[in-house]
Amino acid sequence: MNDFTYAYPTKIYFGKGAAAKHLPAELAKVGKKVMLAYGGGSIKSNGIYDEMMTILKDAGKTVIEFSGIMPNPTYAKVQEGAELARKENVDFILAVGGGSVSDCCKIVASQAVTEEDIWELEFTKHEFPTDAVKLGVVVTASGTGSEQNAGAVITNEDKKIKTGVFGAHADFAILDPQYTMSVPFKQVISGAFDTLSHAMETYFGKPQESFLSDEINEAVMRNTIANIRKLIENPDDLEARSELMWDSAMAENGILKIGKITDFQAHQIEHQLGAYTNCNHGRGLAVIHPVLYRHIYKEGLEKFKRFAVAVWNVSTAGKSDDEIALAGISALEDFIKEAGLPTRFRDMGITYEDVLKPVADSTNITAGCCKQLTREEIFEILQECF
Ligand code: NZQ
Ligand code: ZN
């Protein structure tokens, strides 16, 4: 296990009716002007917008609306939000939505209090913002765990890069599983697979030897898989949605990462694919994971064997080490199909192969879990995914 420091700044209010129960007390701690930030309008059709407005008005707040945050939020949208927050001198940002709204607002909160361009600050000066407008997140679609940390994934359209940008930690997050009932089912599954991906990218990080963080991780992976299966049986299963919402938080609140260096190579590939195709995050990951793992399992044979047995219940009887590891990866792929997720980019509407080379050439290469990839290998993986 590596040395670590762990602190957790975000207060979580989990459960049905959590906003009505807890938001008033949180709002009482902040100033009068609140920026209500949201996406393309789903909160207007499912009643969450009206509920938020009522709570905000009852708390005596002046509401400034920042709407239209798109899935895979852009850096231009971040700048629009920051400009509005500065112009209106807002005291607090309430982000209401999925990972995209939460991500966008984490950077808006930081950009609003500095004249320096955050992108330049982080990627040219290699410095990180230290100040931000206070932020609260109301999660309406779970999976990314974005509300749990200060990292945001932003698409810089000018530079053709989708990558992690460091911004504000939310002071609190409201996780009400009931809010997820109106999320399109395809997105629910895509979000839940994202959670599984976060757990895997952490599990296969360094060190490879398992210890407490990995044992907790195995429980999170098994629970995510089991509850996706329950939702396939009954999409209205609120208990399963609740479990998945907490799995999502657990995968990103740092607990599983304690003592580990995470990998996130599948994410790096998917993010760059997103920069070129604006594809759905969880669905892109579903295609990439099994292909990536078949490329690297030999270098991490022990961990892939453990994954097969502990997560997928693969029987070891009569199998070689390679066969056990590969059976685990096949079980993952079978599960992806069972969940109705794509196994090839074509299945998700990416039919133009010419994007693969530029994606391979611009993907961040991580330190690697058991094997560091070369650009050529990333290109091969992308071609196999196609
Ligand atoms: O825009 P609205 O109208 O809100 O509609 C959204 C959007 O169309 C809809 N939706 C959300 N809640 C809903 C709902 N529809 C009906 N009822 C509700 N209650 O769902 C669609 C997708 O929303 P989005 O926020 O884009 O999805 P998700 O939560 O999967 O977030 C994806 C983004 O998060 C990034 C991804 O790369 C992607 O940009 N990630 C952020 C991470 C982080 N900060 O830690 C980690 C992840 O690895 C990920 O990269
Ligand atoms: Zn993800």
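Further up the page is the structure itself.
A short tour of the structure in this document, coming up. (Residues numbered from 1 in each chain as written. Chains lettered and ligands numbered in written order. Predicted model: local features only at pLDDT ≥ 70, side-chain atom pairs only at ≥ 80, totals over all residues. Heavy atoms only, no water.)

With that out of the way, let us pick up the environment of Met-1. Looking at the element boundaries, Met-1 is found in the segment before strand E1 (11-14). Spatially, the C-alpha atoms of Met-1 and Lys-260 are 6.7 Å apart, while their sequence positions differ by 259 residues. Residues within four places of Met-1 in sequence aside, it is in contact with Pro-207, Phe-211 and Gly-259. (Helix = DSSP H or I, 4+ residues; strand = E, 2+ residues; numbered from the N terminus. Contact = heavy atoms within 4.5 Å.)

Attention now goes to the sheet that holds strand E4 (residues 92-97). Ordered by their spatial adjacency, six strands build an open sheet running E1-E8-E5-E4-E2-E3, and the pairing between neighbours is parallel. Looking at the sheet topology across the chains shown, the edges are occupied by E1 and strand E3 (62-66). Adjacent strand axes in the sheet meet at a mean angle of 20 degrees when their direction is disregarded. Where helix H4 (residues 75-87) meets the sheet, its contacts fall on strand E2 (33-38) and E3, and the angle it forms with E3 comes to roughly 160 degrees. Strands E2, E3, E4 and strand E5 (134-139) of the sheet are contacted by helix H5 (residues 99-111), whose axis makes an angle of about 165 degrees with E4. (Pairing = 2+ DSSP bridges. Axes fitted to C-alpha atoms, helices over the stretch in contact; angles between N-to-C directions.)

Glancing now at the packing of helix H7 (residues 185-203) against helix H8 (residues 212-233). Two elements in contact, H7 and H8, have axes separated by 9 Å at closest approach and are oriented at 165 degrees. Judged by the angle between their axes, H7 and H8 are roughly antiparallel. Considering how the two elements wind past one another, H7 and H8 form a crossing that is left-handed. Together, Phe-185, Val-188, Ile-189, Ala-192, Phe-193, Thr-195, Leu-196, Ala-199, Met-200, Thr-202 and Tyr-203 of H7 and Asp-214, Asn-217, Glu-218, Met-221, Thr-224, Ile-225, Ile-228, Leu-231 and Ile-232 of H8 make up the contact between the two elements. Considered class by class, the residues forming the contact of H7 with H8 number 14 nonpolar, four polar and two charged. (Parallel < 35°, antiparallel > 145°, perpendicular 65-115°, else oblique. Left-handed = near helix turned anticlockwise from the far one by under 90°. Nonpolar A, V, L, I, M, F, W, Y, C, P; charged D, E, K, R; others polar.)

Let's shift gears to the site of ligand 1. Neighbouring residues of ligand 1: 31 residues in total, closest Gly-40, Gly-99, Ser-100, Asp-103 and His-198. Ser-100 places a side-chain nitrogen or oxygen 2.5 Å from an oxygen atom of ligand 1. Separating an oxygen atom of ligand 1 from a side-chain N or O atom of His-267 is a distance of 2.8 Å. The fraction of the free accessible surface of ligand 1 (960 Å²) that becomes covered by protein chains is 88%. Listing elements by their share of the shell around ligand 1, those giving two or more residues are H5, strand E6 (151-156), H7 and helix H10 (265-277). Take the shell around ligand 1: its biggest share by element is four residues, from H5. Here the shell around ligand 1 is composed, by residue class, of seven nonpolar, 20 polar and four charged. Residue assignment places the shell around ligand 1 across two domains, with domain 1 (11-180) and domain 2 (185-385) each supplying three or more. (Near = heavy atom within 4 Å. Polar contact = N/O pair within 3.5 Å; in protein donor to acceptor, adjacent residues only side chain to side chain. Areas by Shrake-Rupley, 256 points an atom, 1.4 Å probe, with all protein chains shown as cover. Domains from an automatic or database assignment.)

Right, let's get into the coordination of the zinc ion (ligand 2). Note on the zinc ion (ligand 2): its protein donors are Asp-194 (OD), His-198 (NE2), His-267 (NE2) and His-281 (NE2). The metal-donor distances range over 1.9 to 2.2 Å. Sequence spacing of the donors to the zinc ion (ligand 2): D-x3-H-x68-H-x13-H. Of this pair, His-198 sits in helix H7 while His-281 sits in helix H11 (residues 281-296), placing them 83 residues apart in sequence. There is no split in this pair, since His-198 and His-281 are both buried. (Donors = N, O, S within 2.8 Å, 3.2 Å for Na, K, Ca; no water. Buried < 20%, exposed > 50% of the residue type's maximum accessible area, 1.4 Å probe, protein only.)

Purely geometric numbers; function is a separate question.
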